[in-house]
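Coordinate analysis (summary)
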Amino acid sequence: MNIILMGPPGAGKGTQAKKIVQEFKIPHISTGDMFREAMKEGTPLGTLAKKYINEGHLVPDDVTIGIVKERLAKKDCAHGYLLDGFPRTTPQAEALEKLAKDIDREVTLVINISCDREELIRRICGRRVCKVCGAPYHIDTAKPKVDGICDLCGGPLIQRADDNKEALMVRLDHYEKQTKPLLEFYKARGLVVDLDGSKDSAVLFSEVKKLLKGLKR
Ligand code: ADP
Ligand code: ZN
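The paragraphs below set out a description of the structure included in this document. Since the model is a prediction, treat every value here as computed from it, not as a measurement. (Residues numbered from 1 in each chain as written. Chains lettered and ligands numbered in written order. Predicted model: local features only at pLDDT ≥ 70, side-chain atom pairs only at ≥ 80, totals over all residues. Heavy atoms only, no water.)

**Regarding the coordination of the zinc ion (ligand 2)**
- Surrounding the zinc ion (ligand 2) are the protein donor atoms C130 (SG), C133 (SG), C150 (SG) and C153 (SG), at 2.3 Å.
- Every donor counted, the four donor atoms about the zinc ion (ligand 2) form angles of 97 to 116° at the centre, which fits tetrahedral coordination.
- Each donor residue of the zinc ion (ligand 2) lies on the same chain, and together they follow the pattern C-x2-C-x16-C-x2-C. Note that C130 is positioned in strand β5 (residues 127–130) and C150 in the loop between β6 (136–138) and β7 (157–158), a separation of 20 residues in sequence.
- C150 gets classed as buried once you look at its relative accessible area, which sits at 3%. (Donors = N, O, S within 2.8 Å, 3.2 Å for Na, K, Ca; no water. Tetrahedral: all angles 85-135°; square planar, octahedral: opposite > 155°, others 65-115°. Helix = DSSP H or I, 4+ residues; strand = E, 2+ residues; numbered from the N terminus. Buried < 20%, exposed > 50% of the residue type's maximum accessible area, 1.4 Å probe, protein only.)

Here it is, written out as structure tokens:
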């Protein structure tokens with residue numbers, strides 16, 4: 001299982017990714033999570049990434065490719081991986097070709113989760129996340145039991161700095177211009193399966209599961 005999860009911000013990639021890695025025991029490689037972790041820790045990578053991320057821009061390719069290269073070289077990826085949020089540009093897709101060959105784990109499936117723009121905006125602008133454990137909430141459709149407090153761990157709920165309308169417009173624009181065209185590259189090889197991200201996440205996961213159970217390991 002050498003899988004890429006693709007789709008616009010808000011389509012539900014992160015939610016499906018968490019369920020997939022739990023069920024199928026492969027490492028979850030989320031470049032967004034890696035950058036947020038570095039930002040939280042205040043490392044040089046975090047300081048650099050923050051300038052781009054908070055305004056909705058992409059982190060430069062050399063930096064992003066560098067962290068994925070390091071991650072894919074770790075032992076746990078020798079039995080498969082789930083990439084979430086990478087590749088997002090043509091140079092990243094080209095770099096991945098080489099990195100995947102190096103570990104003898106070429107991409108076998110691209111799950112493309114789509115969702116219409118209006119719904120993406122609704123989801124992202126109302127999204128809140130637990131500062132401690134990262135669990136997602138929504139101000140209208142996924143409220144916590146106690147206002148502002150995570151049901152799972154009691155941590156405070158916050159809004160990601162890039163989850164505002166202005167930064168989201170920039171993110172959607174990068175998605176349309178740089179990321180969406182990559183689908184053609186993978187479609188030409190017959191690797192893409194399209195799923196409907198407007199569905200309930202549990203329903204969507206049952207489709208994902210069916211798809212993955214049919215894959216050779
Ligand atoms: P979303 O899919 O909701 O936009 P992510 O958590 O995947 O969120 O990414 C958050 C931000 O991290 C992106 O808007 C971008 O600034 C940066 N980022 C994540 N992955 C990449 C990547 N592959 N290339 C460049 N920047 C990235
Ligand atoms: Zn929490």
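Having seen the structure, we can now continue with the description.
**Comments concerning the nonpolar core**
- Membership of the largest hydrophobic core comes to 29 residues, with the highest contact counts inside it found for I4, L72, Y81, L83, L96, V110 and Y186.
- Secondary structure elements with two or more residues in this core: β1 (2–6), α3 (44–53), α4 (61–72), β3 (81–84), α5 (90–102) and α8 (182–187).
- Setting aside its immediate chain neighbours within four residues, L96 contacts I4, L72, L83, F86, P87, V107 and Y186.
- By size, the runner-up hydrophobic cluster in this structure holds 24 residues, among which are L82, I121, L168 and L212. (Core = buried A, V, L, I, M, F, W, Y, C linked by side-chain atoms within 4.5 Å. Contact = heavy atoms within 4.5 Å.)

**Thoughts on the pairing of β3**
- Taking every second residue as pointing to the same face, both faces of β3 are buried, with Y81 and L83 on one and L82 and D84 on the other.
- Relative to β3, β1 runs parallel, the two being bridged by four bridges. Looking at β3, one finds that N2 is bridged to Y81.
- As paired elements, strand β2 (residues 28–30) and β3 share three bridges and run parallel to each other. The partner of I29 across the bridge, within β3, is L83. (Pairing = 2+ DSSP bridges.)

**Regarding the sheet that holds β6**
- With respect to topology, three strands assemble into an open sheet ordered β6-β5-β7, the strand pairing being antiparallel. The sheet terminates laterally at β6 and β7, the two strands that pair on one side only.
- With two bridges connecting them, β5 and β7 associate as antiparallel partners. Opposite C130, over in β7, you have L157 as the bridge partner.
- Contacting β5 and β6, helix α6 (residues 117–125) runs over the sheet at an angle of about 40° to β5. (Axes fitted to C-alpha atoms, helices over the stretch in contact; angles between N-to-C directions.)

**Regarding the pattern of salt bridges**
- Tallying each qualifying case throughout the model produces 15 salt bridges.
- In this structure, E119 engages R122 in a salt bridge whose closest nitrogen and oxygen atoms are separated by 3.1 Å. Of this pair, E119 and R122 both sit in helix α6, separated by three residues, roughly a single helical turn.
- For R122, a relative accessible area of 34% corresponds to the partly exposed category. (Salt bridge = Lys/Arg side-chain N within 4 Å of Asp/Glu carboxyl O.)

**Notes on the sheet that holds β3**
- The strand order across the open sheet built from five strands is β2-β3-β1-β4-β8, with neighbouring strands paired in parallel fashion. The open sheet is flanked by β2 and β8 (192–196), the only strands paired with a single partner. Across the sheet, the mean angle from the axis of one strand to that of its neighbour is 20°, orientation sign disregarded.

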